[in-house]
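Examination of the molecular architecture
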Amino acid sequence: MPILDVDGYLDSIERCRHRFPELRILTGVEFGQPHLHEAQASHLLDLGVIDRVLGSLHTLEVGDDRSEPNTLFRKWSADEVMWAYLDEIPRMVAGSRTFEVFTHIDYAVRAWPIESAGPFDPRRFEEGFRNAMRAIADSDRILEMNTRRLLPWIPQWWSEEGGKAVTFGSDAHVPEALAANFPEATAMLAHYGFRPGQRPEEYWTR
């Protein structure tokens, strides 16, 4: 991936704020594998000046390298990939102080090999998901409700494991996908006892 153009990004935010003064536009960054790269990131930008820092887990250790789950599903058993991913989450939480929101906890599920392993059943990995959520909740972090797919077991288990706050992310890689499924997602979270803040950008809390 190219190095983040910090100055260009912050300049674009300021231009948007000037063009749309009626909106409150926050700065944000998604920090992949923050427990591995905090020192390098600190040389690139001061994360303290960013309004919202998201932490994500995209890769797992394979020897001296790291690979994405969609690659590992072709090399390891499906269960092995899932358990490795879930076991890494508490290590990431314990090993980083920089991020506030843990994103797309179902990331590995997206590449689940249905053809060879059958439909994904979250109950087979419930202990791992709950342990990961408990680590996130115990660190007073927020869990993103990623709206690419609406999975009701995520907010249910999150609330049961002590999760107090959520944020919403459509994970939009194209403009037309921005805020996709937000009405359905907010209704689902309301069902599990989460309520909006006073401003649109605030976290939903229980």
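Summarised in this report is the structure supplied together with it. (Residues numbered from 1 in each chain as written. Predicted model: local features only at pLDDT ≥ 70, side-chain atom pairs only at ≥ 80, totals over all residues. Heavy atoms only, no water.)

**Digging into the pairing of strand β1 (residues 28-32)**
Going residue by residue along β1, you find Val29 and Phe31 tucked away on one face and Gly28, Glu30 and Gly32 left uncovered on the opposite face. Relative to strand β2 (residues 52-56), β1 runs parallel, the two being bridged by five bridges. What sits directly across from Phe31, in β2, is Gly55. (Buried < 20%, exposed > 50% of the residue type's maximum accessible area, 1.4 Å probe, protein only. Helix = DSSP H or I, 4+ residues; strand = E, 2+ residues; numbered from the N terminus. Pairing = 2+ DSSP bridges.)

**Description of the sheet that holds strand β6 (residues 142-146)**
Reading across from one edge, β1-β2-β5-β6-β7-β8 is the order of the six strands in this open sheet, with mixed pairing throughout. The open sheet is flanked by β1 and β8 (204-205), the only strands paired with a single partner. When strand β7 (residues 165-169) meets β8, the two strands line up antiparallel, connected through two bridges. Bridge pairing links Val166 to Trp204 in β8.

**Considerations on the pairing of β6**
Of all five residues in β6, five are buried, a share of seventy percent or more. Of the two faces of β6, the one holding Ile142, Glu144 and Asn146 and the one holding Leu143 and Met145 are both buried throughout. Bridge count between strand β5 (residues 101-102) and β6: two bridges; the pairing is parallel. Across the sheet, residue Val101 finds its bridge partner in β6, namely Ile142. Sheet topology note: the β6/β7 ladder contains four bridges and is parallel. Directly across from Leu143, in β7, lies its bridge partner Val166.

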